[in-house]
Amino acid sequence: MAALVSHPNIGTQSYGYLTSSSLHHEVGDNSLRFISRGLKIKIGPSRRGYICSDHRNFDRVQASASQTSVFEPVSTPLQSNTSNSQKKSNEVALILIRHGESLWNEKNLFTGCVDVPLTKKGVEEAIEAGKRISNIPVDMIYTSALIRAQMTAMLAMTQHRRRKVPIIIHNESEQARAWSEVFSEDTKKQSIPVIAAWQLNERMYGELQGLNKQETADRYGKEKVHEWRRSYDIPPPNGESLEMCAERAVAYFKDQIEPQLLSGKNVMIAAHGNSLRSIIMHLDELTSQEVISLELSTGIPMLYIFKEGKFIRRGSPVAPTEAGVYAYTRRLALYRQKLDETLH
Ligand SMILES: O=C(O)[C@H](O)COP(=O)(O)O
């Protein structure tokens, strides 16, 4: 059964539903705690979001964006008139998806930056994730450079009701840009640029890559392996700690993705357990203690609303239908209504 959520800490315009099958909520002490399929988050008055402080990177994004064809450059604040940019950045969706199960997840091996594809179950998880977000607008997709995240993004988009075509942008050379150019404005409008960035890769697991997680725990002790896997600043042998992973993943999010959100684009990020943990730590202002218990399941999409410079967590859409979806804001509900009216 679904329950309407209305709580001052998640904004006055709260159209959220929680379904008891996948998510519980507890309200007390001015905070709202979501416990959702392996994801535990507390949102309090000072922690529900933050004001974007770094708007200075627009020029850099403008420069890299302008080299692509399907990719529409974002406007700098100086270039767009104020009322237009305010209107545009009023409220947008940010979807985060950890890739579906990979062949090494299935074998319980540390994977890190090894480029392993999805299992059949992973493919199904990605398709299911796509169904869950099929009514939520997506204007741009960011993935890591690894195939499991890219497969997940592409498979999820096969389910989207808007039927736009995700196209990977090749910016690696002048020739790659020229050879992937699209010559129809209409076709460009029916496309979603997909940017693959190594900065969103899984944390580099160092000398654990390829080792079995259970055997490693038996050898080095459960506590040590848990420390390597979940602590904030203790790296696995010759690998990256979560803090090191955040240095590249969160920097990329701030430099490249936030300006797109600010310019009014709805964004989906398909990435990995630890690169997404670091981004969620940033979005939800988790402490290095709190992030230890943050676990992400494979193939579960998580929705944030970016509004007035703040990120508001809306949980994980559980189904594409009104009965199952609890996460609609008024704007998302209108988007879905428009899809209903135009698509059948
Ligand atoms: O790289 C891996 O092995 C997984 O994708 C994430 O592993 P973890 O849950 O051990 O961090």
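Since we're looking at a predicted model, the values are computed, not measured.

Reading the values: the criteria
- Residues numbered from 1 in each chain as written.
- Predicted model: local features only at pLDDT ≥ 70, side-chain atom pairs only at ≥ 80, totals over all residues.
- Heavy atoms only, no water.
- Core = buried A, V, L, I, M, F, W, Y, C linked by side-chain atoms within 4.5 Å.
- Buried < 20%, exposed > 50% of the residue type's maximum accessible area, 1.4 Å probe, protein only.
- Helix = DSSP H or I, 4+ residues; strand = E, 2+ residues; numbered from the N terminus.
- Arc of directions from axis to C-beta.
- Contact = heavy atoms within 4.5 Å.
- Axes fitted to C-alpha atoms, helices over the stretch in contact; angles between N-to-C directions.
- Parallel < 35°, antiparallel > 145°, perpendicular 65-115°, else oblique.
- Left-handed = near helix turned anticlockwise from the far one by under 90°.
- Nonpolar A, V, L, I, M, F, W, Y, C, P; charged D, E, K, R; others polar.
- Phe/Tyr/Trp six-rings, centres within 6.5 Å; stacked < 30°, edge-to-face > 60°.
- Lys NZ or Arg CZ within 6 Å of the ring centre and 35° of its normal.
- Pairing = 2+ DSSP bridges.
- Polar contact = N/O pair within 3.5 Å; in protein donor to acceptor, adjacent residues only side chain to side chain.
- Near = heavy atom within 4 Å.
- Areas by Shrake-Rupley, 256 points an atom, 1.4 Å probe, with all protein chains shown as cover.

(A) Broad picture of the nonpolar core. Among the nonpolar cores identified, the biggest contains 34 residues, and Leu-94, Leu-96, Tyr-142, Phe-253, Leu-261 and Ile-269 are the most heavily contacted of them. Of all the secondary-structure elements, those providing two or more residues to this core are β6 (91-98), β7 (140-143), α10 (242-262), β10 (267-271), α11 (273-283) and β11 (301-307). No other element matches α10, which puts nine residues into this core. Membership of the second largest hydrophobic core comes to 18 residues, among which are Ala-93, Ile-95, Met-157 and Ile-305.

(B) Representation of helix α9 (residues 222-230) within the structure. Among the residues of α9, Val-225, Trp-228 and Arg-230 are the ones counted as buried. Along the axis of α9, the buried residues cluster in a sector spanning 170 degrees; they form a single face. Elements that come into contact with the buried residues of α9 comprise α8 (213-220) and α11.

(C) Inspection of the packing of helix α4 (residues 120-132) against helix α5 (residues 147-157) at higher detail. Where α4 contacts α5, the axes come no closer than 7 Å and their chain directions differ by 50 degrees. When the interaxial angle is binned, α4 and α5 end up oblique. Pair α4 / α5 crosses with right-handed handedness. Every residue of α5 that contacts α4 at Val-123, Ala-126, Ile-127 and Gly-130 is listed here: Met-151, Thr-152, Leu-155 and Ala-156. Split by residue class, the contact of α4 with α5 holds six nonpolar, two polar and no charged.

(D) Examining the packing of aromatic side chains more closely. Within this structure, the stated rule accounts for five aromatic pairs. Arranged with centres 6.0 Å apart and planes meeting at 75 degrees, the rings of Tyr-142 and Tyr-252 form a pair that is edge-to-face. Of the two residues, Tyr-142 is situated in strand β7 and Tyr-252 in helix α10; the sequence distance between them amounts to 110 residues. Residue classification places Tyr-142 among the buried positions, given a relative accessible area of 2%. The exposure class assigned to Tyr-252 is buried, which follows from its relative accessible area of 11%. In textbook terms, an aromatic cluster arises when at least three aromatic residues are bridged by ring pairs, as seen for Phe-253, Phe-306 and Phe-311. The lysine or arginine in question, Lys-213, covers the ring of Phe-110, its NZ or CZ lying 5.2 Å from the ring centre.

(E) View of the pairing of β10. Of all five residues in β10, five are buried; the element is thus mostly enclosed. As defined by bridge partners, β6 adjoins β10 across five bridges and the pair is classed as parallel. Note that in β10 the partner of Leu-94 across the bridge is Val-267. In this structure, β7 lies alongside β10, joined through four bridges in parallel fashion. Following the sheet pairing, Thr-143 is matched in β10 by Ala-270.

(F) Quick look at the side chain of Thr-119. For Thr-119, the location among the structural elements is in the loop between α3 (103-106) and α4. Among the polar contacts made by the side chain of Thr-119, one reaches the side chain of Glu-101 at a distance of 2.5 Å. Setting aside residues up to four positions removed in sequence, Thr-119 forms contacts with Glu-101, Ser-102, Leu-103 and Glu-106.

(G) The arrangement of α8 in detail. Turning to α8, its buried residues are Lys-213, Thr-216 and Ala-217. For α8, the angular spread of the buried residues around the axis is 100 degrees, confining them to a single face. Opposite the buried face of α8, by more than 90 degrees, sit the exposed residues Glu-215, Asp-218 and Arg-219. Residues of α8 that are buried make contact with α9. Two residues or fewer after α8 comes Gly-221, characterised by a positive phi angle close to 100 degrees.

(H) Region of interest: the site of the ligand. Around the ligand, a shell composed of Arg-98, Leu-109, Phe-110, Thr-111, Gly-112, Glu-202, Tyr-205, Lys-213, Arg-229, Arg-230 and Asn-274 is seen. A distance of 2.8 Å is found between an oxygen atom of the ligand and a backbone nitrogen or oxygen belonging to Thr-111. Separating an oxygen atom of the ligand from a side-chain N or O atom of Glu-202 is a distance of 3.2 Å. Coverage of the ligand by the protein chains reaches 96% of its 310 Å² of free accessible surface. A breakdown of the residues in the shell around the ligand according to their chemical character gives three nonpolar, three polar and five charged.

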